[in-house]
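Each chain is listed here by its residues.
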Amino acid sequence: MADAMVSSFWGPVTSTTEWCEKNYTHSSYIAEFYNTISNIPCILLALMGLINALRQRFEKRFSILHISNMTLAIGSMLFHATLQHVQQQSDETPMVWEMLLYLYVLYSPDWHYRGTMPTFLFFYGAAFAVLHSQVRFGIGFKIHYVILCLLCIPRMYKYYIHTKEASAKRLAHLYLATISLGSLCWLFDRLLCEKIHGWYINPQGHALWHVLMGFNSYFANTFLMFCRAQQLGWSPRVVHLFRAFPYVKIQKPKVQ
């Protein structure tokens, strides 16, 4: 790991976390090159999802969800490019905001007091952002983030077992596969960093995590769009762009 006082365009490293990629090996403007550019697939996939959501006039929550994915990826790029504490917050705070948005998308259809959930989640996200700007949580942030992720699992499972369409279930399988493989890459990069630096080639586990989580978010969003379209009676089906990228196509009932 490069020394925290390395000379660079951005100055000394002030972030609380560095990853298993040597700093400033390709440019004095980019601290962690691969960890920075690996966010590009997430931005492109989220943009593709956003275009589909807008073109077919899905509920605004899905457009905001795709925009949230793009915002998170851009924040991550800024963090890994600079390794500054302020930019680290631009990565970590959107991570929490995104999970709060997922909680809303997952639970709001059956929430009887509809005004309370978005209000609570908004103030919770705002309070976290203010607190996180003043306090360096470290491991506390990771625990908090994992808890938010775990809260999503029961609802995702409920959607899965109530979905009969095989193509939609494949989206859920891809979601599970990418998050599992991505988590292994993340742990590999964190726990075996010292050994990795002795290898001729660094496999860039954290960069792989970014790429896999970009696909993971896309598969999750597409699956949720399918389930919501089913709830609204929009006759959804999963089709593929260039025979590779799945997306949801709907047929809204004609207004009499």
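Residues numbered from 1 in each chain as written. Predicted model: local features only at pLDDT ≥ 70, side-chain atom pairs only at ≥ 80, totals over all residues. Heavy atoms only, no water.

1. Remarks on the pairing of strand β2 (residues 245-249)
Piece 1. When strand β1 (residues 237-241) meets β2, the two strands line up antiparallel, connected through 5 bridges. What sits directly across from Val-239, in β2, is Tyr-247.
Piece 2. The antiparallel pairing of β1 with β2 creates a hairpin that spans 3 residues between the two strands, and Phe-242 there sits at a positive phi of about 55°. (Pairing = 2+ DSSP bridges. Helix = DSSP H or I, 4+ residues; strand = E, 2+ residues; numbered from the N terminus.)

2. Overview of the UniProt feature "binding site: Ca(2+)" (unreviewed entry) in the chain
Piece 1. In the UniProt entry, the feature "binding site: Ca(2+)" (unreviewed entry) is given for Trp-19, Glu-21, Asn-23 and Glu-32.
Piece 2. Looking at the secondary structure, you find Trp-19 in the segment before α1 (33-37).
Piece 3. Trp-19 gets classed as buried once you look at its relative accessible area, which sits at 7%.
Piece 4. In this structure, Glu-32 sits in the segment before α1. (UniProt positions renumbered as here; feature names shortened; annotations may be inferred. Buried < 20%, exposed > 50% of the residue type's maximum accessible area, 1.4 Å probe, protein only.)

3. A few points about the UniProt feature "transmembrane region" (unreviewed entry) in the chain
Piece 1. Per the UniProt record, the feature "transmembrane region" (unreviewed entry) sits at residues 33-51, 63-83, 120-137, 172-192 and 207-227.
Piece 2. Within residues 120-137, the helical portion is 83% and the strand portion 0%, while the C-alpha atoms at the span's ends are 22 Å from each other.
Piece 3. Counted over residues 172-192, helix gives 95% and strand 0%. Its end C-alpha atoms are 30 Å apart.

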